[in-house]
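Residue strings, one per chain:
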Amino acid sequence: MSKKPFYITTPIYYPSGNPHIGHCYTTVACDSVARYKRMQGYDVMFLTGTDEHGQKIEEKAAEKGVTPQEYVDDIVKIFKSLWSYMNISYDRYIRTTDDYHIETVQKIFKELYDKGYIYKGEYSGKYCTPCESFWTESQLVDGKCPECGREVREAKEEAYFFKMSPFADRIEKLLTETDYLRPKTRATELVNNFIKPGLEDLCVSRTTFKWGIPVTFDDKHVVYVWIDALSNYISALGYNNGRFSDYDKFWPADVHMVAKDIMRFHAIIWPAMLMALDLPLPKHLAVHGWITFNGQKMSKSLGNVVDPFVLGERYGADAIRYHILREMALGSDSSFSNEIMINRINSDLANGLGNLVSRTVAMVEKYFDGTLPEEKASGEFDDDLISIASSLREKVDEYVENTQLNNALAEIFNVISRANKYIDETAPWVLAKDEANKPRLACVLYNLLETIRICSSLLSAFMPSTMPKVWEQIGASESDTSYENAAVFGVLPANVTVHKGEGLFPRIDVDKEIEELNALIKQNEPAAEPETEVEPLEPEISIDDFFKADLRVAKIVQCEKVKKSKKLLCSQLDDGMGGRQVVSGIAQWYQPEDLIGKKVIIVANLKPVKLCGVESSGMVCCSDMPDGSAKVIFVDDSVPVGSKIR
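Residues numbered from 1 in each chain as written. Predicted model: local features only at pLDDT ≥ 70, side-chain atom pairs only at ≥ 80, totals over all residues. Heavy atoms only, no water.

### Some remarks on unusual backbone geometry
Residue P183 is bonded to the preceding R182 through a cis peptide linkage, with omega at -5°. With respect to the helices and strands, P183 occurs in the loop between β7 (181–182) and α6 (187–195). Of note in this structure, D278 is not a glycine but carries a positive phi near 60°. The exposed category is assigned to D278, whose relative accessible area is 64%. One non-glycine residue, F381, lies in the positive phi region at around 80°. In this structure, F381 sits in the loop between α13 (338–368) and α14 (382–390). (Helix = DSSP H or I, 4+ residues; strand = E, 2+ residues; numbered from the N terminus. Buried < 20%, exposed > 50% of the residue type's maximum accessible area, 1.4 Å probe, protein only.)

Here it is as structure tokens:
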């Protein structure tokens with residue numbers, strides 16, 4: 001009899017920088033579900049990968065002086081190294097630069113075009129480069145990107161668009177009338193924010209950068225992020241390519257797991273794409289919150305990332321896995337701090353699980369030389385412990401099925417706490433004083449070993465490297481710790497032999513550890529930039545000399561490269577006085593679209609000159625940087641054009 005398939009995916013991560021602890025949650029959560037499903041006997045496909053195209057990657061690579069491919073290759077090595085370190089058991093790793101994925105995306109784009117769902121038009125609106133997202137004015141929050149809070153810029157370019165409105169009704173029903181979205185409470189905000197106002201057509205190609213998948217029938221265009229990125233879930237199975245042949249077996253996906261910042265794309269755009277292609281929809285979209293640091297989303301741009309390699313070296317990968325899974329409730333944010341993490345490790349892992357294992361094994365060795373006698377005598381408190389341990393698997397099954405992993409772990413550790421309480425209730429050290437009580441003592445210790453076996457069998461999906469050490473200590477074989485046996489009490493041999501080992505999770509001195517971590521963080525902080533030599537002042541001038549330079553605020557309304565020069569940009573300015581044209585030598589540091597809509601300071605009374613045949617009436621003020629580059633001095637948008645600088 002063939003195994004039932006189960007397909008789970010992480011989002012594909014954007015390799016614009018090294019991974020941090022925020023990246024770990026989704027991947028560790030999916031890994032735990034995948035491992036649990038394998039325990040249950042499913043044929044699992046667990047997919048993760050990287051989304052490697054786009055303007056941001058192109059810019060990052062240029063900053064480092066490497067090709068975009070070289071740039072992403074280096075970052076992907078770090079991602080894969082982290083996943084290996086965190087014991088991530090993915091079955092397939094997809095990169096959007098893989099040739100088979102490119103083949104799939106180009107065929108999907110052409111099919112949607114041929115069906116009339118993609119058409120050519122012109123995009124004009126707001127664009128956030130870090131998020132690679134276009135926004136309407138109404139979607140902005142305080143004039144900024146609603147996802148990351150950064151500044152947006154005006155963008156105008158020829159583009160292809162995907163028609164979204166034909167799918168609005170079906171998507172609304174998907175979100176409100178099915179259990180596709182988890183938690184379903186998020187459906188209301190999606191419907192109210194995006195569907196009720198009218199689904200806007202989606203920009204799906206770009207012409208202003210080249211690092212992307214070319215549109216086969218219009219090579220000026222590259223496929224824009226979401227058709228490229230979202231298609232990975234089926235290209236990785238071999239849809240429309242010759243690399244794999246798993247699509248019929250594993251699609252539709254059982255679970256897509258994503259963070260809330262990309263929920264909209266997976267809850268609205270991805271279903272619309274699949275509907276347009278007449279393909280089945282995924283069964284579930286599990287949306288989790290962010291790991292926050294001092295109340296802010298973890299972000300490299302905010303400088304608040306936490307390096308999982310550093311944490312793992314100190315506490316072990318399983319402790320980190322446990323902490324982030326235990327703290328994060330599906331749909332909610334979880335706060336990260338070193339203190340929260342250390343206290344969680346101490347309370348649950350050291351005092352809870354570690355203490356239970358070490359106490360139980362030590363007592364078997366002390367009172368029975370490591371091997372329990374076959375004669376047992378049951379007594380008070382046994383039934384309650386046996387009942388709660390025997391019913392544990394059923395509860396964990398339900399929570400894993402609903403991707404509520406924090407609740408699954410809470411249930412397991414409730415049983416661990418109950419077992420520790422059972423030790424206090426039965427007082428084995430008192431029983432050991434009387435030889436007549438040895439059968440009762442043996443029963444108590446056997447019940448503890450069995451409870452540990454059941455808990456550790458289920459925990460192996462969440463903490464895969466530690467649980468085999470537990471099994472070795474309690475004398476459990478591989479078959480003893482199977483999923484089937486996790487619902488049965490009394491599996492270990494009556495005369496089981498234990499093997500005392502090292503403590504699983506040594507208790508941490510909180511104050512000392514935080515002090516050391518703070519010192520380590522400080523030590524790992526990048527060295528301060530050496531103070532640059534300040535250029536000497538020009539000869540003194542009088543106030544009258546200063547006022548000879550008429551400095552004004554102007555807004556760049558159009559900008560383009562000067563054809564005969566690699567260094568010059570030609571800008572059309574609204575200066576409050578009828579407008580003017582200014583040529584600036586900043587093309588090596590700015591793209592024209594970076595400047596459109598920005599307010600700058602100009603020297604307004606500079607004598608006009610011609611540069612490469614183009615007239616320039618004024619000069620845009622810039623600051624010289626230590627590396628030889630120039631930074632344009634931008635002015636707050638609230639300052640009116642034409643304002644005089646003094």
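### Focus on the pattern of salt bridges
The tally for this structure, following the rule as stated, stands at 39 salt bridges. One salt bridge connects R321 with D31, and the closest N-O pair in it is separated by 2.7 Å. Taken together, the residues span a long stretch of sequence, with R321 in helix α12 (residues 317–327) and D31 in helix α1 (residues 21–39) at a distance of 290 residues. Between K120 and E158 there is a salt bridge; the shortest N-O distance is 3.7 Å. A residue pair is termed long-range when its members are at least 10 positions apart, and K120 in strand β4 (residues 118–128) and E158 in strand β6 (residues 153–162) qualify at 38 residues. According to the relative accessible area criterion, K120 is partly exposed, its value standing at 43%. Among the residues examined, E158 registers a relative accessible area of 27% and is labelled partly exposed. In the salt-bridge network here, residues are joined through shared partners; they are K120, E158, D218 and K220. (Salt bridge = Lys/Arg side-chain N within 4 Å of Asp/Glu carboxyl O.)

### Side note on the sheet that holds strand β12 (residues 285–288)
An order of β3-β2-β1-β11-β12-β7 is seen for the six strands of this open sheet, with the pairing classed as parallel. Each edge of the open sheet carries a strand with a single partner, namely β3 (92–95) and β7. The pairing of β7 with β12 spans two bridges and is parallel. By the bridge assignment, R182 is partnered in β12 with A286. (Pairing = 2+ DSSP bridges.)

### Some points on the side chain of T96
Structurally, the position occupied by T96 is in the loop between β3 and α4 (99–114). Setting aside anything within four residues of it in sequence, one finds T96 in contact with I12, T50, D51, E52, H53, H101, I102, I213 and D228. (Contact = heavy atoms within 4.5 Å.)

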